[in-house]
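# What the coordinates show
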Amino acid sequence: IHKWYHSGLNRWHGLGSTADFQKIIQERCDTYPQQIWSYSRSRNCQEIKQAFMSAFISKDPCKATKEDYRRLIDLADSTVPCNKRVLWSKTKELAGEYAKVRGLVTLEDTLLGSLADGLSWCGEPGSSDLNTWSCPDWKKDCRTNYLTVFWEVLSERFAESACGTVQVVLDGSLENAFNEMSIFGRVEAPNLKPVVTLQAWLVHDPGKPPRDSCSGSSIMKLKSILSERNVRFICRDNLSRDEFLGRF
Ligand code: C8R
C-alpha cells in the first residue's frame, strides 16, 4: 500500500490539482493581453501567483471562504465593459465563441477568469504542496471547496456589476435549460441589478432536437427569479448553433 493512500491524498472524488498549476498561472498572467478594457493596473504576476497559492495551500480543502480569495481579487481585479457581458450554463465553448464574434466578453476574458479557466486546485492541511491526486467534488464531498468558491465569488462580482443588456446562452437540448443549482442559477441570476435586461438564448446541439423552450417550466422559474428583482427578460428559443452564431 502506497504512502499517498495512507496520507489520504486520494480520498476526494474530484479531479486532482492540475499539474504545473503554478507555472500555468504565471504564464497566463504574463501573457494576458493588455487590451483597452483589461486595465488591471500594472500587475505583478509573481505576487498574483503567490496570492493565489496562499488562498488555499495548507488549508482544509472543504473549508474555502470568499475571504480566502480577497487578497487575490484585490491584486488581480480587472474591468471589462459592464454592458457587453455574456453569461452561460452548460454552454461554455459556444458562449465563448459567441462573445468573440460579437465583440462581447465572458468571465474568461477577465484576468482572474483567464488564469483559472480549466484548472483544478486544492491543498492539504500540514502540507505546502497541491494535492495532485484528488480534490473535493461539489456533490460527493463538499460545496465549500476552493474551486467552487472561486467561481462563485468571481461570478457574483461579474453579474452584480453588469449593466444594460446581459446575454445568457443556455443549452436548449437539455430537459431543463435553466438549472437553479448551477452557478448561473444560484449566483448570477439572483445578483443581476434591477436596471438590467437579461436576454436568454436557448441553443440546441447540432443533431439534437430542442427539448426545453422559453415557455417551459425551467425558464418560467428563471423568469420568476428575475421579476422579483425587476430585471427585464427576453427569451429566444429553438435556435441551432449556426443560427445563433449568425451563419446560416
Ligand atoms: N463561470 C462559472 N464556472 C466556470 C467559469 C465561469 O466563468 N469558467 C469556468 N471554467 N468554470 P456549468 P454554471 C468552470 O455547470 O454552473 C460563470 C467551473 O469549474 O456549465 O451555470 C460564468 O460567468 C464550474 O464549476 O455552468 C457563467 O455564466 C463549471 O465550469 C456561469 O458562471 C461550471 O459550468 C456558469 O456556471
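Residues numbered from 1 in each chain as written. Predicted model: local features only at pLDDT ≥ 70, side-chain atom pairs only at ≥ 80, totals over all residues. Heavy atoms only, no water.

Each helix and strand in the protein was counted, giving 10 helices and 6 strands. Radius of gyration (C-alpha) of the protein: 19 Å, near the 18 Å computed for a compact globule of 248 residues. A principal-axis box enclosing the C-alpha atoms of the protein has dimensions of 55 × 45 × 35 Å. Per-residue burial for the protein yields a buried fraction of 48% across its 248 residues. In the protein, 81% of the contacts between residues at least 6 apart in sequence involve partners at least 24 apart. Approximately 12700 Å² of the protein is accessible, and the part contributed by carbon and sulfur atoms is 50%. On the protein, the mean spot of the 33 positive side-chain charges and the mean spot of the 31 negative ones are 2 Å from each other. (Helix = DSSP H or I, 4+ residues; strand = E, 2+ residues; numbered from the N terminus. Rg over C-alpha atoms; globule rule 2.2 N^0.38 Å. Buried < 20%, exposed > 50% of the residue type's maximum accessible area, 1.4 Å probe, protein only. Contact = heavy atoms within 4.5 Å. Areas by Shrake-Rupley, 256 points an atom, 1.4 Å probe, with all protein chains shown as cover. Lys, Arg positive; Asp, Glu negative; His and termini not counted. Charge placed at Lys NZ, Arg CZ, Asp CG, Glu CD.)

Take the packing of helix H2 (residues 21-31) against helix H3 (residues 45-56) next. It is the contact of H2 with H3, at a shortest axis distance of 9 Å, that shows an interaxial angle of 140 degrees. As judged from the angle between their axes, H2 and H3 are oblique. By crossing handedness, the relation of H2 to H3 is classed as right-handed. Taken together, the residues of H3 that come into contact with H2 (itself represented by Phe 21, Gln 22, Ile 25, Gln 26, Cys 29 and Asp 30) are Cys 45, Gln 46, Ile 48, Lys 49, Phe 52, Met 53 and Phe 56. Looking at the contact of H2 with H3 residue by residue, the classes come out as 8 nonpolar, 3 polar and 2 charged. (Axes fitted to C-alpha atoms, helices over the stretch in contact; angles between N-to-C directions. Parallel < 35°, antiparallel > 145°, perpendicular 65-115°, else oblique. Left-handed = near helix turned anticlockwise from the far one by under 90°. Nonpolar A, V, L, I, M, F, W, Y, C, P; charged D, E, K, R; others polar.)

The subject of this paragraph is H2. When H2 is considered as a whole, its buried residues turn out to be Phe 21, Ile 25, Gln 26 and Cys 29. All buried residues of H2 fall inside an arc of 130 degrees around its axis, so they share one side. Projecting away from the buried face of H2 at angles above 90 degrees are the exposed residues Lys 23 and Thr 31. Where H2 is buried, its residues meet H3 and helix H6 (111-116). (Arc of directions from axis to C-beta.)

Around the ligand sit 15 residues in total, of which Ser 89, Lys 90, Glu 108, Ile 183 and Glu 188 are the nearest. Contact between the ligand and Ser 155: an oxygen atom at 3.4 Å from a side-chain N or O atom of the residue. A total of 620 Å² of accessible area belongs to the ligand in isolation, and the protein chains cover 81% of it. Using a 2 Å cut-off from the grid points, one finds that the ligand occupies the largest pocket. For the shell around the ligand, the secondary-structure elements that each account for two or more residues are strand S2 (86-89), helix H7 (146-160) and helix H8 (183-188). Residues belonging to the shell around the ligand are distributed by class as follows: 6 nonpolar, 4 polar and 5 charged. (Near = heavy atom within 4 Å. Polar contact = N/O pair within 3.5 Å; in protein donor to acceptor, adjacent residues only side chain to side chain. 1 Å grid on protein atoms, 1.4 Å probe; cavity = no way out; pocket = protein on both sides within 12 Å on 5 of 7 lines; lining within 4 Å. Sits in = over half its atoms within 2 Å of the grid points.)

Before going further, it helps to examine the pairing of strand S4 (residues 165-171). With respect to burial, S4 is a largely interior element, 6 of its 7 residues being buried. With 4 bridges joining them, S2 and S4 adopt parallel strand pairing. Its bridge partner lying in S4, Ser 89 is registered against Leu 170. With 7 bridges connecting them, S4 and strand S5 (residues 197-204) associate as parallel partners. Along S5, the bridge assignment pairs Asp 171 with Val 203. Read as a crossover between parallel neighbours, the route from S4 over H8 to S5 is right-handed. (Pairing = 2+ DSSP bridges. Right-handed = clockwise from strand over helix to strand, strands pointing away.)

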